[in-house]
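One letter stands for each residue in the lines below.
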Amino acid sequence: MFYREAGDFNTSYPEDSQTFPIKFDRWRYYAVLFVAIFVIPFLINDYWVNSIFLPFLIYSIAAIGLNILVGYCGQVSLGTGGFMAVGAYACYKLMTSFPDLSMVVHVLLAGGITAGVGVLFGLPSLRIKGFYLAVATLAAQFFLVWLFNRVPWFYNYSASGQISAPERTFLGVNITGSNTDAWATYLFCLFFVILSAYIARNLTRGSVGRKWMAIRDMDIAAEIIGVNPLRAKLTAFAVSSFFVGISGALFFSVYLGAVEVGEAFGITKSFLVLFMIIIGGLGSIFGSFAGAAFLVLLPVALKIIGVDWLGWPTDIVAHLQLVVVGALIIIFLIAEPHGLAQLWRVAKEKLRLWPFPH
Amino acid sequence: MPEQLAFTIEVFLNGLMAGVLYALVALGFVLIYKASGIFNYAQGVMALFAALTLVGIMEGQVPFAHLINAILGTDVHHFGWHVPAFLAIGLTMVVMIVLAYLVQRFVFRYLVGQEPIILFMATIGLAYFMEGVGDLMWGSEIKTLDVGLPQGINIAIDETTYGWFGYGFFIDNLDIVAAIIAILLVTGLVLFAQYTKQGRAMRAVADDHQAALSVGVSLNFIWILVWSLAGFVALVAGIMWGAKSGVQFSLSLIALKALPVLMLGGFTSIPGAIVGGLIIGVGEKLFEFLIGAPFLGGATENWFAYMLALIFLVFRPQGLFGEKIIERV
């Protein structure tokens with residue numbers, strides 16, 4: 001009823017292999033883009049942007065990045081926080097060293113630098129597998145955070161050890177610093193989200209993505225049929241870190257404005273992003289968005305229910321949040337290992353047949 | 001320069017003591033991993049939970065007091081009694097066994113046969129869950145734990161070494177006690193695994209689930225047993241670390257200290273956990289003392305163990321004593 005593909009004919013291969021081959025999906029996608037670009041910026045204020053939209057958009061990029069590594073290539077990483085820190089500090093150094101360059105260039109370069117670091121820490125993945133690798137990526141997490149904490153060059157010898165984003169504009173509009181408009185920061189992040197999702201979606205359904213998935217499903221078999229594991233794993237680390245780096249750069253420069261590395265990019269951040277992709281769905285771009293939205297909205301919702309409605313103290317709600325998140329992770333792993341994305345797929349299947357199931 | 005040498009030896013000894021404590025935590029991991037193939041990230045949180053419960057029982061706290069007060073508007077916090085330490089330890093052990101049962105019954109029974117990495121992520125979820133429950137039950141403020149273990153500088157060692165080097169070593173009594181207990185615990189566990197019926201069944205399960213089932217070993221029972229043992233190790237580790245630095249959230253981070261120990265020693269080996277713990281304990285203290293603090297700005301202990309393990313694994317992926325990883329298609 002709501003979801004029809006009857007009468008939807010593709011008459012050429014490009015049409016058949018496009019990202020959304022079903023017309024309904026395609027129009028929904030355009031509608032979402034339209035609302036995101038042309039409607040939401042006029043409706044939001046600072047509260048909405050800072051508590052929901054910016055974290056959602058930025059974590060979506062990080063989740064897409066991690067999903068490429070974990071969900072598509074099967075290399076579990078617990079170093080996301082560390083790589084986000086690389087993005088943030090690279091962005092900071094670039095912003096302060098080359099004030100005249102555009103912010104877009106800074107953010108993209110920060111992603112590129114993170115990709116390099118990611119490849120470096122991805123090298124052991126050729127020898128170490130499974131959770132040995134997961135634990136090994138913790139080395140990246142701790143080492144990078146320590147590095148940015150202890151080497152003054154990275155934070156430009158500032159007395160507090162923090163980095164804070166100087167004021168930068170894009171097309172004449174303030175993007176970073178203290179005098180920003182809600183819609184400007186939102187649109188700036190949205191641009192990167194759309195870019196990342198577009199690149200990631202097309203990479204994962206192309207030959208590169210197929211190689212990643214072959215490595216994930218069985219690396220020895222993949223090697224035998226001619227997938228070069230060195231290249232596949234390292235490209236996954238590079239692409240993944242690139243996105244994570246972008247999200248780190250945005251997280252620091254646009255969202256927070258000032259960052260203390262241990263606090264903002266600690267190991268809890270790594271787990272948060274990992275939880276996003278478990279709950280959202282491993283190996284799904286839509287799942288990255290769904291998971292990010294879920295874990296950004298959950299604390300807000302719990303706070304509204306617990307603190308504002310029931311009047312409980314905030315620390316109880318904070319503890320309750322741990323319980324809920326932990327329980328959700330376990331429930332999802334038991335009941336639906338493919339996460340919200342799978343629920344969405346099932347819902348679509350149901351809707352196709354809806355008033356008249358077989 | 002004898003003074004520098006004396007310092008180095010002191011750092012070495014302190015590293016050895018810290019290593020014993022790492023090994024203690026790592027042991028809990030090895031036990032569960034060997035018997036069920038689950039890499040239990042929640043081990044550190046179990047130590048925290050055990051220590052919190054122990055303090056709570058000793059002080060006679062009302063469980064979930066904050067929550068009850070928030071919901072019912074009452075003001076309960078203590079029962080008003082104090083439980084002696086040995087009884088409280090026994091009660092805490094009961095709680096840990098119940099916990100082991102619940103974990104097995106409600107989580108891992110449904111995850112049998114899943115990939116190891118899924119199980120690993122489930123234990124991360126479990127860690128969050130238990131941390132939240134522990135905080136809700138007993139409150140999250142820093143508590144002191146005193147079960148009557150000796151603390152403070154060991155005078156005998158101080159004086160003896162002063163006679164030898166002209167410089168007294170500072171070695172904490174608590175560390176010595178911890179080392180002795182750890183050695184006893186390891187011996188006990190090895191004996192248990194080798195010479196008792198349950199221990200043999202445990203090893204059978206570790207070797208082959210199917211074969212163990214077919215000769216009449218109950219998987220459920222063995223897994224509950226193993227989780228209880230891990231809870232026991234967590235309790236001991238919790239007491240040691242809790243007495244050392246107070247019962248607080250950072251206690252759960254000892255799991256992160258134990259991970260490189262495991263990678264270095266091999267996930268499947270009890271001696272590996274001990275040797276790995278000692279190497280990392282000594283290594284990170286010596287590195288911090290000789291290189292980290294003077295040249296790198298200090299606080300290298302956070303990552304040294306991981307880097308060491310990472311580099312080591314590149315050359316020997318199964319760790320020092322781990323079983324050789326054989327991959328079949």
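Residues numbered from 1 in each chain as written. Chains lettered and ligands numbered in written order. Predicted model: local features only at pLDDT ≥ 70, side-chain atom pairs only at ≥ 80, totals over all residues.

Draft legend 1. Highlighting the overall build of chain B. Each helix and strand in chain B was counted, giving 13 helices and zero strands. Along the chain direction, N to C, the helices and strands of chain B fall in the order α-α-α-α-α-α-α-α-α-α-α-α-α. Long-range pairs, those at least 24 residues apart, make up 73% of the contacts in chain B with a sequence separation of at least 6. (Helix = DSSP H or I, 4+ residues; strand = E, 2+ residues; numbered from the N terminus. Contact = placed C-beta atoms within 7 Å.)

Draft legend 2. Structural view of the overall build of chain A. Across its full length, chain A carries 15 helices and four strands. Scaling as 2.2 N^0.38, a compact globule of 358 residues should have a C-alpha radius of gyration of about 21 Å, and chain A matches this with 21 Å. Counting over 358 residues, chain A shows a buried share of 46%. By sequence separation, contacts in chain A at least 24 residues apart represent 76% of the contacts at least 6 residues apart. (Rg over C-alpha atoms; globule rule 2.2 N^0.38 Å. Buried ≥ 20, exposed ≤ 12 C-beta atoms within 10 Å, placed from the backbone.)

Draft legend 3. Quick peek at the interface of chain A and chain B. Tallying the contact residues gives 36 residues for chain A and 40 residues for chain B. Residue assignment for the side of chain A that touches chain B shows that the elements contributing at least two residues are helix 6 (130–150), helix 9 (219–224), helix 12 (267–280) and helix 14 (314–335) of chain A. Top element by residues in the side of chain A that touches chain B is helix 14 of chain A. It accounts for 13 residues. Here the side of chain A that touches chain B is built from residues that sort into 30 nonpolar, three polar and three charged. (Nonpolar A, V, L, I, M, F, W, Y, C, P; charged D, E, K, R; others polar.)

Draft legend 4. Seen up close, the packing of helix 2 (residues 43–59) of chain B against helix 4 (residues 85–106) of chain B. Residue and element names in this part refer to chain B. Helix 4 packs onto helix 2 with a crossing angle of 135 degrees between their chain directions and a minimal axis gap of 9 Å. Taken as axis vectors, helix 2 and helix 4 run oblique relative to one another. Crossing geometry of helix 2 relative to helix 4 is assigned as right-handed. Contact with helix 2, carried on its side by A50, T53, L54, I57 and M58, involves A85, A88, I89, L91, T92, V95 and M96 of helix 4 and no other residues of that element. Of the residues that constitute the contact of helix 2 with helix 4, the class distribution is ten nonpolar, two polar and no charged. (Axes fitted to C-alpha atoms, helices over the stretch in contact; angles between N-to-C directions. Parallel < 35°, antiparallel > 145°, perpendicular 65-115°, else oblique. Left-handed = near helix turned anticlockwise from the far one by under 90°.)

Draft legend 5. Geometry of the environment of F237 of chain A. Residues and elements named next belong to chain A. Along the polypeptide, F237 turns up in helix 10 (residues 229–256). F237 sits 172 residues away from G65 along the chain, and the two C-alpha atoms are 9.0 Å apart. If near-sequence neighbours (up to four positions away) are discounted, F237 is found in contact with L69, G118, V119, G122 and S125.

Draft legend 6. Quick peek at the confidence of the model for chain B. Scored by pLDDT, chain B has a mean of 78; 87% of the residues are at 70 or more. For this predicted complex, the interface confidence score (ipTM) comes to 0.81, while the overall pTM stands at 0.85. (pLDDT = per-residue confidence, 0-100.)

Draft legend 7. Highlighting the environment of I224 of chain B. All names here are of chain B. Structurally, I224 can be placed in helix 10 (residues 219–245). Since 19 C-beta atoms lie within 10 Å of it, I224 is described here as partly exposed. A sequence separation of 127 residues divides I224 from I97, and the C-alpha atoms of the two residues are 7.7 Å apart. Not counting chain neighbours up to four residues away, the residues in contact with I224 comprise A100, Y101 and Q104.

Draft legend 8. Structural detail: helix 7 (residues 182–204) of chain A. The end-to-end C-alpha distance of helix 7 of chain A is 33 Å, a good match for the 33 Å that 23 residues give at a rise of 1.5 Å each. Considered for burial, the residues of helix 7 of chain A that qualify are T185, Y186, F188, C189, L190, F192, V193, S196, A200 and T204 of chain A. (Expected span 1.5 Å × (residues − 1).)

Draft legend 9. Geometry of the environment of F49 of chain B. Residues and elements named next belong to chain B. You can see F49 is positioned in helix 2. A sequence separation of 86 residues divides F49 from D135, and the C-alpha atoms of the two residues are 8.6 Å apart. Beyond its immediate chain neighbours, meaning those up to four positions away, F49 contacts M130 and G134.

Draft legend 10. Structural context of the packing of helix 13 (residues 285–309) of chain A against helix 14 of chain A. All names here are of chain A. Orientation of helix 13 relative to helix 14, taken along the N-to-C sense of each, is 135 degrees, at an axis distance of 10 Å. When the axis of helix 13 is compared with that of helix 14, the two are oblique. Pair helix 13 / helix 14 crosses with right-handed handedness. Contacts between helix 13 and helix 14 involve L298, P299, L302, K303, G306 and V307 from the first element and T314, V317, L320, Q321 and V324 from the second. Each residue belonging to the contact of helix 13 with helix 14 can be placed in one class, and the counts come to seven nonpolar, three polar and one charged.

Draft legend 11. Inspection of helix 14 of chain A at higher detail. With 22 residues, helix 14 of chain A extends 31 Å between its outermost C-alpha atoms, agreeing within 8% with the 32 Å of an ideal straight helix rising 1.5 Å per residue. Among all positions in helix 14 of chain A, only I316, V317, H319, V325, G326, I329, I330, F332 and L333 of chain A are buried. Check the buried side of helix 14 of chain A and you find it contacts helix 12, helix 13 and helix 15 (339–352) of chain A together with helix 3 (65–72) and helix 5 (116–138) of chain B.

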